[in-house]
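Descriptive analysis of the structure
Here is what each chain is made of, one letter per residue.
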Amino acid sequence: MADAPEYDIRHIEHPNPVPSATRDQAIADPGFGKLFTDHMVRIDWHEDKGWHDARLMARGPIELDPSASVLHYAQEIFEGLKAYRHADGSLALFRPEENARRFNRSAARLAMPDLPEEAFLGAIRALVLKDRDWCPSVEGGSLYIRPFMIATEAFLGVRPAKEYAFMVILSPAGGYFKSGAPAISIRVGEHYTRAAPGGTGFAKCGGNYAASLVPQGEALASGHDQVVFLDAVERRWVEELGGMNLFFVFEDGRMVTPPLGDTILAGITRDSILTLAREEGLDVVEERYAIDQWRADAESGKLVETLACGTAAVVTPVGKVTAEDYSFEIGSGGPGQLTQKLRERLVGIQTGTVEDRHGWITKLG
């Protein structure tokens, strides 16, 4: 696609940016989600003014009234995407227009104002170009981009707020999982559900992730990397991990992923994997898949690979699944050939080493 459009953003000079030597030392081993760049973008919304006062400024604390709606009624949404450095020194985004569209789907569900796509993309473009020197050069390094919107009106009544702030921050990122294992281990969240029909499961809002923290913590405490959630009605159908979609690969060339609905987030990496897998000749279907079938197929050898995907970890093999009274391995317990191939191709497109035949890359210069 063409470069993202510009947006009228006022630039405010940073009074004390991080010295380059300090910055370079920090991004040599950035980890994930703990390091942040110098600047942020903010655009405000008021029911009488609409979106206004777009500015790029020094990253810093947000001043909120104690009665701000976001603190009491959780009107908050966010997105996650990355900027990748290409061999020519340019930075590139992967399918950012899809993040803009999903952002507005989330906004509609949370009774928040629609943000023009050009504002979303323009804010990201301006901020990434301003803080481009924060992009790590380590293998797998990127700038993780976090756009979000919160309700800022000082009001305690239960109704949609009349004031909001849209903001974008950047975090230099390295690898996501730190276990060092060739494939991740998953704990089945048997006593918890992430989302229910009619709820906000398809929206990217903080409440969905808050609901996953206790089971995710229990999974980590028992030596696993992630928790997998089952449906809230029958407690049988596999839905997604705490923040990643799942795919199941069979020996006969089929590939299955749970269908989207109002309980599963429409992952952009998920959609990309659907396209790439079909190009590899797989028979890819979106259909419900039960936890007991997952176990039976893995133990019989019919299931040869399971992969998880999302913006942060891209494509990750699942090697082991554990519940209270059973445990099973998938394939050899390590990364499978298709998982490796899809990851290499997707990462190659993102980083510019594989041809982008789908118009997924937006070059920023």
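Presented here is an overview of the structure given in this document. (Residues numbered from 1 in each chain as written. Predicted model: local features only at pLDDT ≥ 70, side-chain atom pairs only at ≥ 80, totals over all residues. Heavy atoms only, no water.)

Here we look at the packing of aromatic side chains
Using the following cut-off: The pairing test for Phe, Tyr and Trp rings, Trp by its six-membered ring, is centres within 6.5 Å, and the orientation test on the planes gives stacked under 30 degrees, edge-to-face over 60, and tilted for anything in between. Secondary structure elements follow DSSP: runs of H or I of four or more residues count as helices, runs of E of two or more count as strands, with numbering from the N terminus. Distance and angle both matter: a charge sits over a ring if NZ of Lys or CZ of Arg is within 6 Å of the ring centre and within 35 degrees of the ring normal.
Following the criterion strictly, the structure yields twelve aromatic pairs and no others. Centroid distance F94 to W360: 5.5 Å. Interplanar angle 80°. Geometry classified as edge-to-face. In this pair, F94 sits in strand β6 (residues 91-94) while W360 sits in the loop between α9 (337-351) and β18 (361-363), placing the two residues 266 residues apart along the sequence. Ring centres of F248 and Y289 lie 4.5 Å apart, and the angle between their planes is 45°; this geometry places the pair in the tilted category. Of this pair, F248 sits in strand β12 (residues 245-250) while Y289 sits in the loop between β14 (283-286) and α8 (291-300), and the two are 41 residues apart along the sequence. Three or more aromatic residues link up through ring pairs in this structure, and these residues are F248, F250, Y289, W294, Y326 and F328. It is R59 that lies over the ring of F36; its NZ or CZ is 4.4 Å from the centre.

Considerations on the packing of helix α3 (residues 96-109) against helix α4 (residues 117-130)
Note the following rule: Helix axes are fitted to C-alpha atoms over the stretch in contact, other axes to C-alpha atoms as well, and angles between N-to-C directions run from 0 to 180 degrees. Each angle receives one of four descriptions, namely roughly parallel if under 35 degrees, roughly antiparallel if over 145, roughly perpendicular if within 65 to 115, and oblique otherwise. The hand of a helix crossing depends on one turn: near helix anticlockwise from the far one by less than a right angle means left-handed, and clockwise means right-handed. Any pair of residues with heavy atoms lying within 4.5 Å of one another is described as a contacting pair.
For the pair α3 and α4, interaxial distance at closest approach is 9 Å and the crossing angle is 130°. Relative to α4, the element α3 lies oblique. Relative to α4, α3 is oriented so that their crossing is right-handed. Of the residues in α4, those touching α3 at P96, E97, N99, A100, R101 and F103 are E117, F120 and L121.

Some points on empty space enclosed by the protein
To keep things clear, this is the line we draw: Throughout, the protein atoms alone are placed on a 1 Å grid, and a set of points is a cavity if a 1.4 Å probe fits but cannot get out or a pocket if it is open with protein on both sides within 12 Å along at least five of seven lines; lining residues have an atom within 4 Å of a point. Grid points are joined across faces, edges and corners, and a volume is the space filled by probe spheres set on the points.
Summed over the entire model, instances satisfying the criterion amount to one cavity of 30 Å³ or more. Reported here for the largest cavity is a volume of approximately 100 Å³. In terms of lining residues, the largest cavity is bounded by G80, L81, K82, Y84, F94, N99, R102, I268, T269, T311 and Q350. Breaking the lining of the largest cavity down by element, the ones donating at least two residues are β5 (81-85), α3 and α7 (268-279). The element best represented in the lining of the largest cavity is β5, accounting for three residues.

Regarding the pattern of salt bridges
Under the convention used in this document: The term salt bridge refers to a pairing of a side-chain nitrogen on Lys or Arg with a carboxyl oxygen on Asp or Glu at a separation within 4 Å. In this scheme, a residue with accessible area under 20% of its type's maximum is buried, one over 50% is exposed, and one in between is partly exposed, where area comes from a 1.4 Å probe on protein chains only.
Under the criterion given, the structure shown has 22 salt bridges. Its salt-bridge partner being E234, residue R288 comes within 3.8 Å of it at the nearest N-O pair. Of this pair, R288 sits in the loop between β14 and α8 while E234 sits in the loop between β10 (226-230) and β11 (238-241), placing them 54 residues apart in sequence. Given a relative accessible area of 43%, E234 falls into the partly exposed group. Here E279 makes a salt bridge to R357, at a shortest N to O gap of 3.6 Å. Here the residue E279 occupies a position in helix α7, and R357 occupies one in the loop between α9 and β18, the gap between them amounting to 78 residues. Each of R10, R42, D44, D53 and R55 takes part in salt bridges that share partners, so that together they form one network.

Digging into the packing of α7 against α9
Taken N-terminus to C-terminus, the directions of α7 and α9 make an angle of 115°; their axes are 11 Å apart at the nearest point. Both α7 and α9 take part in a crossing whose hand is right-handed. Contacts between α7 and α9 involve T269, S272, I273, L276, A277 and E279 from the former and L342, R345, L346 and I349 from the latter.

Section: the environment of M167
Along the chain, M167 falls in strand β8 (residues 163-173). Residue class for M167 comes out buried when judged on its relative accessible area of 0%. Residues M167 and I43, spaced 124 residues apart in sequence, show a C-alpha to C-alpha distance of 6.5 Å. Non-local contacts of M167, meaning those with residues more than four positions away in its chain, are made with V41, R42, I62, R146, P147, F148 and I150.

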